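Close look at the chain arrangement
The chain contents come next:
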Amino acid sequence: NVVGENTVAVFFAEHESGFLAGVATALQLKEGETGFVGGMEIPAVQKFNWGFQQGLAYANENHGTNVTINAENVIYQGSFDNVAAGQQLAAQMYDKGVDAIFAAAGGVGIGVINEAKARANAGENVWVVGVDVDQYPEGVYVEGKSAILTSAMKYIDVVSYDMVAAYLDETFPGGETLTFNVTNDGVGIPKDNPNLDDEVEAEVAKVYDLIKDGTLVVADTQGDLIK
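A brief structural summary. In this text the structure is predicted, and so the values were computed from the model without any measurement. (Residues numbered from 1 in each chain as written. Predicted model: local features only at pLDDT ≥ 70, side-chain atom pairs only at ≥ 80, totals over all residues. Heavy atoms only, no water.)

1. Section: the environment of Glu33
Cut-off, in case you're wondering: Segments assigned H or I by DSSP are reported as helices when at least four residues long, segments assigned E as strands when at least two residues long, and all are numbered from the N terminus. For the exposure calls, accessible area comes from a 1.4 Å probe over protein chains only, and a residue counts as buried if that area is under 20% of its type's maximum, exposed if over 50%, partly exposed in between. Note on definitions: a residue-residue contact is assigned when non-hydrogen atoms from the two residues lie within 4.5 Å. Pairs of N or O atoms within 3.5 Å make up the polar contacts considered here, provided that, within protein, one atom can donate a hydrogen while the other can accept it, and that residues adjacent in sequence are counted only when both atoms are side-chain atoms.
With respect to the element layout, Glu33 can be found in strand S2 (residues 31-38). Assessed through its relative accessible area of 17%, Glu33 is described here as buried. Once the C-alpha coordinates of Glu33 and Ala100 are considered, the two residues, 67 residues apart in sequence, prove to be 6.9 Å apart. Residues within four places of Glu33 in sequence aside, it is in contact with Thr68, Asn70, Asn73, Gly97, Val98, Asp99 and Ala100. Within polar-contact distance, the side chain of Glu33 engages the side chain of Asn70 at 2.8 Å. Among the polar contacts made by the side chain of Glu33, one reaches the side chain of Asn73 at a distance of 3.0 Å.

2. Describing the environment of Val129
Among the secondary structure elements, Val129 is positioned in strand S5 (residues 127-132). Note: C-alpha distance between Val129 and Thr150 (21 residues apart in sequence) is 5.3 Å. When neighbours within four sequence positions are excluded, Val129 is seen to be in contact with Ala21, Thr25, Phe52, Ile101, Phe102, Ala103, Thr150, Ser151 and Ala152.

3. Looking at the side chain of Ser151
Along the polypeptide, Ser151 turns up in strand S8 (residues 148-154). Separated by 3.1 Å, the side chain of Ser151 and the backbone nitrogen of Gln135 make a polar contact.

4. Focus on the packing of aromatic side chains
Here is the rule: By convention, a stacked pair of Phe, Tyr or Trp rings (six-membered ring in the case of Trp) has centres within 6.5 Å and planes under 30 degrees apart, an edge-to-face pair has planes over 60 apart, and any other such pair is tilted. Note on criteria: charge over ring means Lys NZ or Arg CZ within 6 Å of the ring centre, with the direction from the centre no more than 35 degrees off the ring normal.
What the rule picks out here adds up to seven aromatic pairs. With a centroid separation of 5.7 Å and 65° between ring planes, the pair formed by Phe36 and Tyr76 is classed as edge-to-face. Of the two residues, Phe36 is situated in strand S2 and Tyr76 in strand S3 (residues 66-76); the sequence distance between them amounts to 40 residues. Residue classification places Tyr76 among the buried positions, given a relative accessible area of 14%. Aromatic side chains Phe48 and Phe102 sit 5.9 Å apart centroid to centroid with 85° between the ring planes, which places their arrangement in the edge-to-face category. Taken together, the positions of Phe48 in helix H2 (residues 43-63) and Phe102 in strand S4 (residues 100-104) put the pair 54 residues apart, joining distant regions of the chain. The same class applies to Phe48 as to Phe102, namely buried. The side chain of Lys191 reaches across the aromatic face of Tyr155, ending 4.9 Å from its centre.

Keep in mind that these numbers describe shape and distance, not what the molecule does.
Right, dumping it as structure tokens:
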């Protein structure tokens, strides 16, 4: 693809963001079962899934957690706008005993959040891991309580600001393709995670630093992971 001189192409390392969210989920839950609901089966969505699975495995191997994900609970719905389908998929997973669902699915993910909110409001202990932005506000079901455990974020606001600042500073990288990842602070989890314990956030911060300095490498391919 040709990138015009007056534009810039931006990619994000979704697998690193998903990994951090997976570590946070496992550390907070300690044990239990997770699921993944994706929109269309495209690389950006797949990388969230693969990163999340690696994050769970990392926590299980290094921190003594026991949080699993089964193949039957890794589902790509096929769209980004079918809210009702997302809610139905979430209901099926929660009914099977899934504790937290990572939803990387646009409007389909909103359906997942809606189901989690309804159940949490009824006293069930179920969670959603949000995507792209901090979805905590979307998960609020009563004042002060949200069904969003954490979110696998792309720091779109920071990148947008930086690009505008670069343009004003006459250093805009026109024609270039840029990748934002942990190394340049382009992805991560929210700075505030009310549903994560302080020690969990501190541990995730340590993992962040391990990725940043190259000690820990998160794969952006499926390998032997589920779907």
